[in-house]
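# Coordinate inspection notes
The chain contents come next:
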Amino acid sequence: MDDSTQIDLSLPDPAATERLAAIIAGQARPGDAILLSGDLGAGKTHFARAFINALSDTAEEVPSPTFTLVQSYAATVSGTPVEIAHFDLYRLKSPEETIELGIEEAFAEGISLVEWPDRLGAMTPRRHLALRLEILADGVTRRASLRGTEDWDARVERIAQRFAHG
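Read on for a plain summary of the structure. Keep in mind it's a predicted model, so treat the numbers as computed, not measured.

## With respect to unusual backbone geometry
Residues other than glycine predominantly adopt negative phi, and peptide bonds predominantly adopt the trans conformation. The phi torsion at S78 lies on the positive side, around 50°, for a residue other than glycine. Topologically, S78 is positioned in the loop between β3 (70–77) and β4 (80–88). What makes S78 exposed here is its relative accessible area of 76%.

Okay, here's the thing in structure tokens:
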């Protein structure tokens, strides 16, 4: 991941975050992990909600999994049913606790959205897209920094191009 390119995008409003989530969802495939980091209120759950709804056949109410730790959603990717697992690891004390959540199976078979991925430690999947959301000085605008492992390089370039061209 050290050699991969980081791409920074400006998200001037929540609609831009939703558009980015839909673009990334269009590039996702089974076995992908998207690691969402950023301060409280940066938009991680907002991004996850838009991502899940972009791939779901019906509109999903997507609550933050802060207390349940994981929520699962049925979705379709390229005509194939897939499960999206939305993890919020904020309350975990050790990476080993993720095993009880079924995170290894989710990483292997579905698409995983992981909030607070710093809690994963050695459980961090080798293949992933890291997405960091930062709140800028105006309190509204966000900066999204995308960095993927090698299997994400071409997709990150496509995401940036599609985002730039509306």
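## Topic: the environment of E100
Counting through the fold element by element, E100 comes out in the loop between β4 and α3 (103–109). In this structure the C-alpha to C-alpha distance between E100 and V62, which are 38 residues apart in sequence, comes to 22 Å.

## Quick look at helix α1 (residues 14–27)
The end-to-end C-alpha distance of α1 is 20 Å, a good match for the 20 Å that 14 residues give at a rise of 1.5 Å each. For α1, the complete set of buried residues consists of A16, T17, L20, A21, I23, I24, A25 and Q27. In this structure, the buried residues of α1 make contact with β1 (6–11), β2 (33–37), α2 (44–55), β6 (129–135), β7 (142–148) and α4 (153–164). Between the side-chain oxygen of the N-cap and the backbone nitrogen of A15 there are 3.2 Å, and the N-cap of α1 in question is D13.

Quick notes on the rules
- Residues numbered from 1 in each chain as written.
- Predicted model: local features only at pLDDT ≥ 70, side-chain atom pairs only at ≥ 80, totals over all residues.
- Heavy atoms only, no water.
- Helix = DSSP H or I, 4+ residues; strand = E, 2+ residues; numbered from the N terminus.
- Buried < 20%, exposed > 50% of the residue type's maximum accessible area, 1.4 Å probe, protein only.
- Expected span 1.5 Å × (residues − 1).
- Contact = heavy atoms within 4.5 Å.
- Polar contact = N/O pair within 3.5 Å; in protein donor to acceptor, adjacent residues only side chain to side chain.

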